[in-house]
Amino acid sequence: MTRSSKLKTAILSGLLAALSTAGVQAADLSVGANIGNVPWEFQDAQGNVTGFEVDLVNEIANRLGKTVEFVNTPFNGLFPAVQSGRINMAISSITITEKRLESVSFAQPYYDSDQSLTATAASGITGLKDMESKVVGVDTGSTGDMWAEANKAEYKLGEIRRFEGLSPAMLDLVAGRIDGYISDIPALLYYVKDKPELKVVERIPTGEKYSIMFNKGDPLAEEVNAVITTLKEEGFIAGLHETWFGAAPEDTTSTVMVLDMPAAK
């Protein structure tokens, strides 16, 4: 190939590349989410990403005049992703903790939660008292993971097996590869409601609150926090609760009450 031919080829390649991306514009907000985390963020029958937090983020973006792209990210990968700037914010029923506040920022919470133990109906397991020497599944890096590690000795738990999300854990639970699964109670109650072979056998009180996570000190956190205040005052988030859980939230919960942005002590 002559030098002239090489130059023509390079110009043509550049034009084709430009044409292939013409009209394609990156979204204003890149939002990490562990897709498959029902009812917070998951794919519906048509393959669309939907859920309580998806609806919430879409409305927040609308109020800010921004577009959104959801990036499927394993739960444990959400933390380095926001800290490195690969995503602008993260959702996936993320609990605010003092430890996390040391390295990331959160907007005010919008959901109160606890942990739970789920088992198969045929297992005979009725609560944590039956989990002695049993294999328990948790989501890697989650508050359920932290709770299981902290309480392993008290309940004489056997092996703690870690998963990247609810779906693979449920497959192993049904297959008998784990005996119980410890995770956030709203997701489990939603998941098992039409699956009689599975049962949430015990609520584990932990007093958790969910919110949207940002890189430490990111001004976007305050912008989003202000929108969440407005959405609470308008009853929008309470409406999401009714849509996804079939009941109105209590007035004393963070779904309704306007709260301060959490800060590390």
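Details of the structure are given in the entry above.
Since the structure is predicted, the reported quantities are computational estimates derived from the model, not experimental observations.

**Student:** Residue-level account of the overall build of the protein, with values.
**Tutor:** Helix and strand content of the protein: nine helices and eleven strands. Once the C-alpha set of the protein is aligned to its principal axes, its extents read approximately 80 × 50 × 40 Å. Out of the 265 residues belonging to the protein, those deemed buried represent 47%. The long-range share in the protein, meaning contacts at least 24 apart out of those at least 6 apart in sequence, stands at 73%.

**Student:** Any chance you could break down the nonpolar core for me, citing the residues and the numbers?
**Tutor:** In this structure, Met89, Tyr110, Ile212 and Val224 are the most contacted members of the largest nonpolar core, which totals 43 residues. Breaking this core down by element, the ones donating at least two residues are β1 (29-33), α2 (52-64), β5 (89-95), α6 (166-175), α7 (185-192), β11 (198-215), α8 (219-233) and α9 (236-245). For this core, the element with the highest residue contribution is α8, accounting for six residues. Not counting chain neighbours up to four residues away, the residues in contact with tyrosine 110 comprise Phe52, Glu53, Leu56, Ile91, Tyr210, Ser211, Ile212, Ile228, Lys232, Ile237, Ser254 and Thr255. Judged by nonpolar contacts, the second largest core, of 14 residues, contains Leu157, Ile160, Val201 and Ile204.

**Student:** Break down the side chain of threonine 143 for me, with residues and values.
**Tutor:** Take threonine 143: it is sitting in helix α5 (residues 143-151). Within the structure, threonine 143 has its side chain in polar contact with the side chain of glutamate 208 (distance 2.7 Å). Not counting the four nearest positions on each side in its chain, threonine 143 is found in contact with Thr95, Thr97, Arg100, Gln115, Asp184 and Glu208.

**Student:** Describe in detail the packing of aromatic side chains, supporting the description with residues and values.
**Tutor:** Applying the stated rule across the entire model yields 13 aromatic pairs. Seen in terms of ring centroids, phenylalanine 52 and tyrosine 110 are 6.4 Å apart; in terms of plane orientation they differ by 20 degrees. Their pairing is stacked. Of this pair, phenylalanine 52 sits in helix α2 while tyrosine 110 sits in the loop between β6 (104-106) and β7 (111-120), placing them 58 residues apart in sequence. The two residues phenylalanine 52 and tyrosine 110 agree in class, both being buried. These aromatic residues form a ring-pair network of at least three members: Trp40, Phe52, Tyr110, Tyr111, Tyr210 and Phe245. Seen from the ring of tyrosine 191, lysine 195 lies directly overhead, with NZ or CZ sitting 4.1 Å from the centre.

**Student:** How would you summarise the packing of α2 against α8 if you had to cite specific residues and measurements?
**Tutor:** As a packed pair, α2 and α8 sit with axes 10 Å apart at the nearest point and diverge in direction by 105 degrees. As summarised for this structure, α2 and α8 are arranged roughly perpendicular, according to the angle between their axes. Contact residues: α2 offers Leu56, Glu59, Ile60, Arg63 and Leu64, while α8 offers Leu220, Glu223, Val224, Val227, Ile228, Thr230 and Leu231. Class assignment of the residues belonging to the contact of α2 with α8 gives a composition of eight nonpolar, one polar and three charged.

**Student:** So what's going on with the environment of phenylalanine 236? Which residues, and what values?
**Tutor:** Here phenylalanine 236 shows up in helix α9. Residue class for phenylalanine 236 comes out partly exposed when judged on its relative accessible area of 27%. Setting aside anything within four residues of it in sequence, one finds phenylalanine 236 in contact with Asp55, Glu59 and Leu231.

Rules behind the numbers
Residues numbered from 1 in each chain as written. Predicted model: local features only at pLDDT ≥ 70, side-chain atom pairs only at ≥ 80, totals over all residues. Heavy atoms only, no water. Helix = DSSP H or I, 4+ residues; strand = E, 2+ residues; numbered from the N terminus. Buried < 20%, exposed > 50% of the residue type's maximum accessible area, 1.4 Å probe, protein only. Contact = heavy atoms within 4.5 Å. Core = buried A, V, L, I, M, F, W, Y, C linked by side-chain atoms within 4.5 Å. Polar contact = N/O pair within 3.5 Å; in protein donor to acceptor, adjacent residues only side chain to side chain. Phe/Tyr/Trp six-rings, centres within 6.5 Å; stacked < 30°, edge-to-face > 60°. Lys NZ or Arg CZ within 6 Å of the ring centre and 35° of its normal. Axes fitted to C-alpha atoms, helices over the stretch in contact; angles between N-to-C directions. Parallel < 35°, antiparallel > 145°, perpendicular 65-115°, else oblique. Nonpolar A, V, L, I, M, F, W, Y, C, P; charged D, E, K, R; others polar.

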